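This is what each chain is made of:
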Amino acid sequence: MNDKKHGIGLFHAIKGIGSAFLSERNFRIHSIAAVFAIGAGFLLRINRLEWMILVVVIGLVLQAELLNTAAEKLIDYIKPEFHPVAGLVKDVAAGAVLIAALAAFAIGLLLFVPKLYDIFF
Ligand SMILES: Nc1ncnc2c1ncn2[C@@H]1O[C@H](COP(=O)(O)OP(=O)(O)OP(=O)(O)O)[C@@H](O)[C@H]1O
């Protein structure tokens, strides 16, 4: 019974991720960037610690995107008309994505640029 409940919860979580992927362009862009970063990790043979950092920042960005999407959908549902607080909630949620994406970009540079430099120079 409990296992069945867990299975259903996992199904809903995957459904939520799938629906965000289909409806949110930014989520798709960040997912594709994550695939490229993972590909670069294999190509440039990053070590175990570097993989751990990469996995954490990818998770952080995708998680921020999903929470931002949830906030947007909730606001559109409960407050579809213009309201400064509704706008502020969306702006703050978008800010969370921006911070995570900037951190991921910085990590990407720190991880990959020295390795590319060693290969080409
Ligand atoms: N109900 C509202 N009241 C006030 N301002 C709003 C409202 N809805 C949206 N806004 C403003 O418009 C901005 C964009 O909101 P919108 O819902 O279009 O997000 P979006 O551009 O689709 O975001 P994303 O690209 O992440 O999907 C918000 O960050 C907010 O500043």
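Residues numbered from 1 in each chain as written. Predicted model: local features only at pLDDT ≥ 70, side-chain atom pairs only at ≥ 80, totals over all residues. Heavy atoms only, no water.

- In the annotation of an unreviewed UniProt entry, the chain is listed under the name Diacylglycerol kinase family protein and assigned to Aciduricibacillus chroicocephali.
- The chain has a UniProt comment under Sequence similarities (unreviewed entry) that states "Belongs to the bacterial diacylglycerol kinase family."
- Recorded in UniProt under Subcellular location (unreviewed entry), the annotation for the chain is "Cell membrane". (UniProt positions renumbered as here; feature names shortened; annotations may be inferred.)

Quick look at the packing of helix α2 (residues 25-43) against helix α4 (residues 84-120)
Logical step 1: Running from N to C, α2 and α4 cross one another at 20°; their axes reach a closest spacing of 12 Å. Taken together, the axes of α2 and α4 lie roughly parallel to each other. Two packed elements cross with a definite hand, and for α2 against α4 that hand is left-handed. In this structure, α2 contributes His30, Ala37, Ala40 and Gly41 to the contact, and α4 contributes Val97, Ala101 and Phe112.
Logical step 2: Here the residues of the contact of α2 with α4 are counted per class, giving 5 nonpolar, 2 polar and no charged. (Axes fitted to C-alpha atoms, helices over the stretch in contact; angles between N-to-C directions. Helix = DSSP H or I, 4+ residues; strand = E, 2+ residues; numbered from the N terminus. Parallel < 35°, antiparallel > 145°, perpendicular 65-115°, else oblique. Left-handed = near helix turned anticlockwise from the far one by under 90°. Contact = heavy atoms within 4.5 Å. Nonpolar A, V, L, I, M, F, W, Y, C, P; charged D, E, K, R; others polar.)

Points about the UniProt feature "transmembrane region" (unreviewed entry) in the chain
Logical step 1: Per the UniProt entry, the sites bearing "transmembrane region" (unreviewed entry) are residues 27-44, 51-71 and 91-113 in this numbering.
Logical step 2: The span residues 27-44 is 94% helical and 0% strand by assignment, and the distance between its end C-alpha atoms comes to 25 Å.

A closer look at the packing of aromatic side chains
Logical step 1: Under the definition given, this model contains 3 aromatic pairs.
Logical step 2: Taking 6.3 Å as the distance between ring centres and 85° as the angle between the ring planes, the aromatic pair formed by Phe21 and Phe27 counts as edge-to-face.
Logical step 3: What makes Phe21 partly exposed here is its relative accessible area of 34%. (Phe/Tyr/Trp six-rings, centres within 6.5 Å; stacked < 30°, edge-to-face > 60°. Buried < 20%, exposed > 50% of the residue type's maximum accessible area, 1.4 Å probe, protein only.)

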